[in-house]
Protein chains: 2
Amino acid sequence: MTNTHGPSKEAPLTDDDVAAPNHAERARTLVDGERTGALGTLTDDGFPYPSYVTFALHEANPVFLVSTMASHTQNLQGDGRASLLVSEDVADDPLANGRVTLVGRCQPTTTTAAREAFLARHPEAGYYVDFKDFGFYELTVERIRYIGGYGRMSWVEADDWRLASPDPVAAGAKGIVDHMNEDHADALVAYARAFTRATAAEEVTMSGVDRHGFELSVITDRGPRPARIAFDAPLESAGEARSAMVALLKRARAQLEE
Amino acid sequence: MTNTHGPSKEAPLTDDDVAAPNHAERARTLVDGERTGALGTLTDDGFPYPSYVTFALHEANPVFLVSTMASHTQNLQGDGRASLLVSEDVADDPLANGRVTLVGRCQPTTTTAAREAFLARHPEAGYYVDFKDFGFYELTVERIRYIGGYGRMSWVEADDWRLASPDPVAAGAKGIVDHMNEDHADALVAYARAFTRATAAEEVTMSGVDRHGFELSVITDRGPRPARIAFDAPLESAGEARSAMVALLKRARAQLEE
């Protein structure tokens, strides 16, 4: 189901079929990039009760280190049904932020793998991990709701969630975007003129990058409009972005000189 | 119930009875300072389902503007039991952040006051407030869980929650703290020497301020230790902080010269 409300989106300057992450990959990347969320549990009289938690992903399931004294732990002991909401905090407009709700059953776990996954993400927890009233819980994800901002939302299949990998470019994305906007305005203009419908573009900024390609915001007579450009092949790391963008720039310039 | 785990807290350099906000006031101030939260609702098969929402307080109840297409709205139509988690995002250590969970029943509201409270906090929502598939819901708060970080937590009585006012100094607090740390290190040392057990303090930073007083972090031989100093009377605005701190400084200096 698509929310057609919210700030209107200008029509993109590129086609919809440019390679892009699917919702499973976007959701997995978002959750992988955060360390805290809202854990929903059930009170003993059946109210939904969200509380603030730290988490880490162990394979595709969130793992928590909780105190037996905490309300959410007492709730889970009564009923294992639970959900974790994980939200980005990047956009000025709150509803433009992506978020994911993972629904399932949450149970104690004593596996070494779950413990190690949590401590790798939260080294500060080494201080209390062995206190006897703390223990690990794991949420076995059954349903996944992804909302990527206005007009981008769906239920993701559990199998797709489990198989998706977080985008390896995500951790380096901000650095790449900042670098391109600061030092390579000319390249951005060339991409826009060669690969989008804005063949006379003069002002272009980069707004995002992922393993499949990157996003531009092109200033047109009718205001900024988005465009997406695919890499020749998906990247395996942020380090590969430079050569992929140089290759596209050569092609763009060759095409513009024809 | 007190969580005695988490990073150990050095013993304060002042007594526990220095005037300070109670938990109802701290919770109300925290919620008043945020615009987004995690709304917990119940799925049709009884799972707790937290989702990301914008909210505003109308009197002491959160108000939401939601789409009938959204999962949380469909959940609320099935069962009105709900909770809102509101979290700060100020501390580097996630579990040192304050957070509040408001538990109650959430129902549609068509009052003008609720609408106005929401739009005053979210003017951007004027764009879609009158779309026919959007409507307001209000959560009537019955139970309040406050966690102010490590070792500061309680259930707040609903009457206390309703009667509490948000701290009028909160919006100006960061500016006051930054100003004191940047320009008045000598005053901070004088407060610490005169009003705390660190009578030979040499390095002092301010870490917080509220209507009742302010908090210092004093470097001692055993590391940083907290101290709290009360104003002579509670402030009614951040603008009153300057004269209150000057009055305390005069008293501190007079006392140190004795």
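Residues numbered from 1 in each chain as written. Chains lettered and ligands numbered in written order. Predicted model: local features only at pLDDT ≥ 70, side-chain atom pairs only at ≥ 80, totals over all residues. Heavy atoms only, no water.

Caption draft 1: The arrangement of the overall build of chain A in detail. What chain A contains, in helices and strands, is 7 helices and 11 strands. Residues counted as buried form 51% of the 258 residues belonging to chain A. A total of about 12200 Å² of accessible surface is found on chain A, and carbon and sulfur atoms cover 49% of it. Looking at chain A, you have 25 positive and 39 negative side-chain charges, and the mean spots of the two groups are 2 Å apart. (Helix = DSSP H or I, 4+ residues; strand = E, 2+ residues; numbered from the N terminus. Buried < 20%, exposed > 50% of the residue type's maximum accessible area, 1.4 Å probe, protein only. Areas by Shrake-Rupley, 256 points an atom, 1.4 Å probe, with all protein chains shown as cover. Lys, Arg positive; Asp, Glu negative; His and termini not counted. Charge placed at Lys NZ, Arg CZ, Asp CG, Glu CD.)

Caption draft 2: Structural context of the interface of chain B and chain A. Taken together, the contact between chain B and chain A spans 50 residues of the former and 49 residues of the latter. Of the roughly 4000 Å² buried between chain B and chain A, counting both surfaces, carbon and sulfur atoms make up 65%. On inspection of chain B and its partner chain A, the count reaches 2 salt bridges. A salt bridge links A:Asp45 to B:Arg143; the shortest N-O distance between them is 3.0 Å. Our count for the chain B to chain A interface comes out at 10 residue pairs in polar contact (both at pLDDT 80 or more). Secondary structure elements with two or more residues in the side of chain B that touches chain A: strand S1 (36-42), strand S2 (48-54), helix H2 (71-78), strand S5 (81-87), strand S6 (99-109) and strand S7 (134-147) of chain B. (Contact = heavy atoms within 4.5 Å. Buried area = accessible area lost by both parts, 1.4 Å probe. Salt bridge = Lys/Arg side-chain N within 4 Å of Asp/Glu carboxyl O. Polar contact = N/O pair within 3.5 Å; in protein donor to acceptor, adjacent residues only side chain to side chain.)

Caption draft 3: Geometry of the sheet that holds strand S10 (residues 213-220) of chain A. Residues and elements named next belong to chain A. The strand order across the open sheet formed by 3 strands is S9-S10-S11, and the pairing between neighbours is antiparallel. For this open sheet the edge positions go to strand S9 (204-210) and strand S11 (223-230), each flanked by a neighbour on one side alone. Strand-to-strand twist across the sheet, computed as the mean angle between neighbouring axes with direction ignored, equals 25 degrees. As paired strands, S9 and S10 are joined by 6 bridges and run antiparallel to one another. By the bridge assignment for S10, Val-209 is matched with Phe-214. (Pairing = 2+ DSSP bridges. Axes fitted to C-alpha atoms, helices over the stretch in contact; angles between N-to-C directions.)

Caption draft 4: Focus on the pattern of salt bridges. All names here are of chain A. One pass over the full model with this rule turns up 24 salt bridges over all chains. For Glu-142, the salt bridge identified is with Arg-105, shortest N-O distance 3.5 Å. In this pair, Glu-142 is assigned in strand S7 (residues 134-147) and Arg-105 in strand S6 (residues 99-109), connecting sequence segments 37 residues apart. A network of salt bridges, in which partner residues are shared, links Asp-210, Glu-215 and Arg-228.

Caption draft 5: Representation of the layout of surface pockets in the model. Residues and elements named next belong to chain B. Volume-wise, the second largest pocket comes out at about 250 Å³. In terms of lining residues, the second largest pocket is bounded by 13 residues, among which His-179, Met-180, His-184, Arg-242 and Val-246 are the most central. Sorting the residues of the lining of the second largest pocket by element identifies helix H5 (170-183), helix H6 (185-195) and helix H7 (241-257) as the ones contributing at least two each. A per-element tally of the lining of the second largest pocket places H7 first, with 6 residues. A breakdown of the residues in the lining of the second largest pocket according to their chemical character gives 8 nonpolar, 2 polar and 3 charged. (1 Å grid on protein atoms, 1.4 Å probe; cavity = no way out; pocket = protein on both sides within 12 Å on 5 of 7 lines; lining within 4 Å. Points joined across faces, edges and corners; volume = space filled by probe spheres on them. Nonpolar A, V, L, I, M, F, W, Y, C, P; charged D, E, K, R; others polar.)

Caption draft 6: Focus on the relation of the copies chain B and chain A. At an RMSD of 0.1 Å, chain B and chain A line up after a rotation of 180 degrees and a shift of 0.1 Å along the axis. Here the copies are linked by what is in effect a two-fold axis. Nearest to the rotation axis, the C-alpha of B:Pro48 is located 2.4 Å from it, this being the minimum over chain B. Of all interface residues in chain B, 98% are interface residues in chain A too; the two copies therefore contact each other through one and the same surface. (Least-squares fit on C-alpha atoms with pLDDT ≥ 70 in both.)

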